[in-house]
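Single-letter residue listing:
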Amino acid sequence: MIRTENLTKVYRMGAVEVQALRDVNLEIKDGEFIAIIGPSGSGKSTLLNLIGCLDKPTSGAVFIDGINTGKLSENGLAEIRREKIGFIFQQFNLIHTLNALENVALPMFFAGVRHEIRMERAEELLAKVGLGDRIHHKPSEMSGGEQQRVAIARALSNDPEIIIGDEPTGNIDTEAGNAIMDILEGLNHEGRTIIVVTHDAEIAARARVTKRMRDGSVL
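Residues numbered from 1 in each chain as written. Predicted model: local features only at pLDDT ≥ 70, side-chain atom pairs only at ≥ 80, totals over all residues. Heavy atoms only, no water.

J.: Which parts of the structure should I look at to understand the nonpolar core?
T.: Generally speaking, soluble globular proteins have nonpolar side chains that are buried together. Counting 37 residues, the largest nonpolar core has L126, V150, I152 and L184 as its most contacted members. For this core, the secondary-structure elements that each account for two or more residues are β3 (33-37), α3 (100-110), α4 (115-128), α5 (144-155), α6 (174-189), β8 (193-198) and α7 (201-204). With residues near it in sequence (within four places) discarded, I152 still touches I88, V129, I180, I183 and L187. Formed by 25 residues, the second largest nonpolar core is a distinct cluster that contains L7, L50, I162 and V197. (Core = buried A, V, L, I, M, F, W, Y, C linked by side-chain atoms within 4.5 Å. Buried < 20%, exposed > 50% of the residue type's maximum accessible area, 1.4 Å probe, protein only. Helix = DSSP H or I, 4+ residues; strand = E, 2+ residues; numbered from the N terminus. Contact = heavy atoms within 4.5 Å.)

J.: Just to check I follow, could you spell out the side chain of T193 for this structure?
T.: Within the secondary structure layout, T193 lies in strand β8. Relative accessible area serves as the criterion here: at 0%, T193 is assigned to the buried category. Ignoring any residue separated from it by four or fewer positions in sequence, one finds T193 in contact with M1, I28, K29, D30, G31, E32, E161, I162 and I163.

J.: Whenever I open this one, the sheet that holds β8 confuses me. Can you help?
T.: Across a sheet, strands are paired by hydrogen bonds formed along the backbone, either parallel or antiparallel in direction. Strands sit in the order β6-β7-β8-β3-β9-β10 across an open sheet of six strands; the sheet is mixed. Two strands in the sheet have a free side with no partner beyond their single neighbour: β6 (85-89) and β10 (217-218). Strand direction decides the pairing type here: strand β9 (residues 209-214) and β10, joined by two bridges, are antiparallel. Following the sheet pairing, R214 is matched in β10 by S217. Those strands touched by helix α2 (residues 74-84) are β6 and β7 (162-166), and its axis lies near 80 degrees from that of β6. (Pairing = 2+ DSSP bridges. Axes fitted to C-alpha atoms, helices over the stretch in contact; angles between N-to-C directions.)

Shown next as structure tokens:
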């Protein structure tokens, strides 16, 4: 499903160059559950951003279902993000003025889904992650673990094939983190491809495949 080919990313800050990725070659099969583990600064999040079409490489390529994403227009990249990929972030990235139901329904609004359908699906997804009784609560009225479950429900809103988690357990306690991993394992059993970046070896051990990164390279 996903293949990177000699993937390189260089950030330029004035006269200084920082090489975040160095010729990364990686293949992720359809339905795989992969954890990418490494210390801070190893290039994990940069790799995830490129795979998720949130950024473009300096050189090399990312292929999703055989499509070279580097050759797509901004609209083409937005279409892949909207239709194929669901994102879960360490900071949750929920809109604090919206309740759980509205947060989950928001991506469907941008996809042009009718109001009745998106609200019904949002409620179903919140029940799926164990928050059926919290749909009208705002993020400030929820624990970190509950907010992350809302974020997972939001990631599922457009029924993506790929779920990408950037340190999805990084801002929650161990018990809540294990609950999040239980949900991700369940989604993987449904056939979704799961890619998680983490620095936590115990979290990485829950995945079927583990890749280690250091200094911008996959070891």
